[in-house]
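Here is how the chains run, residue by residue.
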Amino acid sequence: MEITSRKENNTMIVSVQGRIDAVTAPAYESGMKELLEKETLFILDFEKLEYISSAGLRVILATAKSLKAKSGKMVMANVTGTVREVFDISGFGAIFTMYDSIEAALAGME
Amino acid sequence: MKKLRVEAVLDALERVLAFTGEEAEAAGLDPGKCIKLALVLEEAFVNICSYAYPEGSGFAEIFCGTEDRCFVVEIHDEGEAFNVLSLPDPDTSLGIEEREIGGLGIHFIRQFTDKVAYGRENNRNILTMHFGIH
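Residues numbered from 1 in each chain as written. Chains lettered and ligands numbered in written order. Predicted model: local features only at pLDDT ≥ 70, side-chain atom pairs only at ≥ 80, totals over all residues. Heavy atoms only, no water.

Some words on the UniProt feature "domain: STAS" (unreviewed entry) in chain A
Under the UniProt annotation, the feature "domain: STAS" (unreviewed entry) is placed at residues 1-109 of chain A. Helix makes up 48% of residues 1-109 of chain A and strand 30%, with an end-to-end C-alpha separation of 26 Å. (UniProt positions renumbered as here; feature names shortened; annotations may be inferred. Helix = DSSP H or I, 4+ residues; strand = E, 2+ residues; numbered from the N terminus.)

As structure tokens, this is what we get:
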């Protein structure tokens, strides 16, 4: 799993590549924690995310909760295929705002 | 049934998923179901890694086979008696603040299998999961 991030219009765009499972979830969480210390607006770009298990959903929920506690915002972009299916069946698809592209997500943040 | 025996540690997850994935493919399980199988197996195996052997290390054995147009996976451990199916499902309709962290694993196990059963035999926990082929 690899995380890359860039900032645009005051928003951190975090792209995740590979898998978020029981093995890689701790690395995702610590990477996000570091970003969460400084930033409040996030777009998670899952275009290159191949697989997510409940361990991955757990850490996403944990980071979303801590962000909410400091009035931040986290939305998602490019959640498709298997990953989308996992989100929908877990009810996470309804918890988070989903956009079809990063551009749409950025527009939605304003 | 084909068998894989591994130490119950997270490092073995990849081997477990590779073994069950290959067997499922050979049995003719469709790709969409194979993904669900991986999700379920991860939950079941990680549970064993986390809770079955609080006093130290132990093993897990995974058996794969087919039965009545189903791909069948059994996962065994010799840890403390524990029926994962006794856990309640999370409320998947709640929002970010109300939603509990956790509990999703059991939801996946119930949701993604066509049949699932727990048994305790010879000091072993045995979780048997059926995935329909076509």
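After presenting the structure, the write-up continues.
Quick look at helix α1 (residues 25-38) of chain A
Residues and elements named next belong to chain A. Between the first and last C-alpha of α1 there are 21 Å, a value that for 14 residues agrees with the 20 Å anticipated at 1.5 Å per step. Considered for burial, the residues of α1 that qualify are A25, Y28, M32, L35 and L36. Buried residues of α1, viewed axially, fall in a sector of 105 degrees; they line one side. In α1, the exposed positions angled more than 90 degrees off the buried face are occupied by P26, K33, E34, E37 and K38. Buried residues along α1 sit in contact with β1 (2-8), β2 (11-20), β3 (41-45), α2 (54-69) and β5 (73-77). (Expected span 1.5 Å × (residues − 1). Buried < 20%, exposed > 50% of the residue type's maximum accessible area, 1.4 Å probe, protein only. Arc of directions from axis to C-beta. Contact = heavy atoms within 4.5 Å.)

Considerations on the interface of chain A and chain B
Contacts between the two partners involve 25 residues from chain A, matched on the other side by 26 residues from chain B. Carbon and sulfur atoms make up 69% of the surface buried where chain A meets chain B, a total of about 2000 Å² over both sides. Taken as a group, R58(A), K65(A) and I89(A) account for 25% of the area that chain A buries against chain B, more than any other trio of residues on that side. Where chain A meets chain B, there are 1 salt bridge. Note that K36(B) and E85(A) form a salt bridge whose closest N and O atoms lie 3.4 Å from each other. The tally of links from chain A across to chain B stands at 6 residue pairs in polar contact (both at pLDDT 80 or more). Looking at the side of chain A that touches chain B, the elements that each hand over two or more residues are β4 (49-52), α2, α3 (81-90) and α4 (92-95) of chain A. In terms of residue count, α2(A) provides more of the side of chain A that touches chain B than any other element does, 9 residues in total. For the side of chain A that touches chain B, the class distribution of residues is 14 nonpolar, 5 polar and 6 charged. (Buried area = accessible area lost by both parts, 1.4 Å probe. Salt bridge = Lys/Arg side-chain N within 4 Å of Asp/Glu carboxyl O. Polar contact = N/O pair within 3.5 Å; in protein donor to acceptor, adjacent residues only side chain to side chain. Nonpolar A, V, L, I, M, F, W, Y, C, P; charged D, E, K, R; others polar.)

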